[in-house]
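Okay, here's what each chain looks like letter by letter:
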Amino acid sequence: MSYRLTEWYEVPPDRKLNVTDAGILDALQRDGRLSYAEIGATVGMSGPSAHERVKKLEARGIIRGYMASVDPVSVGLGVLAFMWVTQAPGTIADDLAGDFATIPEVEACHRIAGEGDYLLKIRASDTGDLERLVRIVQGTRHVYRTETDVVFSTPFERRPLPTRPTEKPPRSDPATEA
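Now for a description of the structure that goes with this document.

Definitions and limits used
Residues numbered from 1 in each chain as written. Predicted model: local features only at pLDDT ≥ 70, side-chain atom pairs only at ≥ 80, totals over all residues. Heavy atoms only, no water. Helix = DSSP H or I, 4+ residues; strand = E, 2+ residues; numbered from the N terminus. Contact = heavy atoms within 4.5 Å. Polar contact = N/O pair within 3.5 Å; in protein donor to acceptor, adjacent residues only side chain to side chain. Axes fitted to C-alpha atoms, helices over the stretch in contact; angles between N-to-C directions. Parallel < 35°, antiparallel > 145°, perpendicular 65-115°, else oblique. Left-handed = near helix turned anticlockwise from the far one by under 90°. Nonpolar A, V, L, I, M, F, W, Y, C, P; charged D, E, K, R; others polar. Pairing = 2+ DSSP bridges. Buried < 20%, exposed > 50% of the residue type's maximum accessible area, 1.4 Å probe, protein only.

## Comments concerning the environment of E105
Counting through the fold element by element, E105 comes out in the loop between α4 (97-101) and β2 (106-111). Taking the C-alpha atoms as reference points, E105 and L130, 25 residues apart in sequence, are found 9.4 Å from one another. Those residues in contact with E105 that lie beyond four places of it in its chain are K121, I122, R123, R132 and L133. A distance of 2.9 Å separates the side chain of E105 from the side chain of R132, its partner in a polar contact.

Printed below as a string of structure tokens:
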């Protein structure tokens, strides 16, 4: 049997996943409230064994936490926008992520390559509130230019990550294969 290089992710040794770990992650991403017995049944092991595996995944930093998925409209944040932020020339050594983190309506901040330097995911109550937030970001130190895209609808988001195993199965010895 041969393996193509593209079939496996290059991951640090402490982050490698076997088939069981990948199954546990898949189950928990779909329903973070599953009992250990339910997780175990999904991957073919006992509840206590599943509990031990989950704790190891947490300790390794692969499972980073658990949280409720809240409907933004229900909490008054029905407008979603993405803002491309370009940092002022000569200031690229200054990280602006901490500045953006002080704005509660900035749901996510990504450092990017391309036209801009950051991509912000912003939630607002209405377009007037979005304008206020745009002005706050534009007034942030070292922000040179922004461009904002407003989302009309979101067919899907927060999909479970693909959790295929990253541990390579043992290679067979071609000399012993007939």
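So that's the structure; there's more coming.
## Comments concerning the environment of R15
Along the chain, R15 falls in the segment before α1 (19-30). Taking the C-alpha atoms as reference points, R15 and T166, 151 residues apart in sequence, are found 8.4 Å from one another. If near-sequence neighbours (up to four positions away) are discounted, R15 is found in contact with R60, G61, I62 and T166.

## Points about the packing of α1 against helix α2 (residues 36-43)
At their nearest, the axes of α1 and α2 sit 9 Å apart, and the two run at 130 degrees to each other. On the basis of their axis angle, the class for α1 and α2 is oblique. Viewed along their axes, α1 and α2 form a crossing whose handedness is right-handed. Of α2, the residues touching α1 (which contributes T20, G23, I24, A27 and L28) are I39, T42 and V43. Residues of the contact of α1 with α2, tallied by class, amount to five nonpolar, three polar and no charged.

## Here we look at the sheet that holds strand β3 (residues 118-124)
Taken in spatial order, the four strands line up as β2-β3-β1-β4 in an open sheet, and their pairing is antiparallel. At either end of the open sheet lies a strand with only one pairing partner, and these are β2 and β4 (143-150). Looking at each pair of strands side by side, their axes are set apart by 20 degrees on average, direction ignored. By the bridge criterion, seven bridges tie strand β1 (residues 79-87) to β4 in an arrangement that is antiparallel. Considered in β4, the bridge of A81 is made with V150. Along the sheet, helix α5 (residues 127-138) contacts β1, β3 and β4; its crossing angle with β3, the most-contacted strand, is approximately 145 degrees.

## Some points on the environment of L130
Mapping L130 onto the fold places it in helix α5. Linking L130 and L80, residues 50 residues apart in sequence, is a C-alpha distance of 8.7 Å.

## Regarding the pairing of β2
Sheet topology places β2 next to β3; five bridges connect them, and they run antiparallel. The residue of β3 that forms the bridge with H110 is L119. Between β2 and β3, which follow one another and run antiparallel, lie six residues, and G114 among them has a positive phi close to 125 degrees.

## Comments concerning the side chain of T86
Here T86 is to be found in strand β1. Among the residues examined, T86 registers a relative accessible area of 13% and is labelled buried. When neighbours within four sequence positions are excluded, T86 is seen to be in contact with E115, G116, D117, H142, V143, Y144 and R145.

These values are about where atoms sit, not about what they do.
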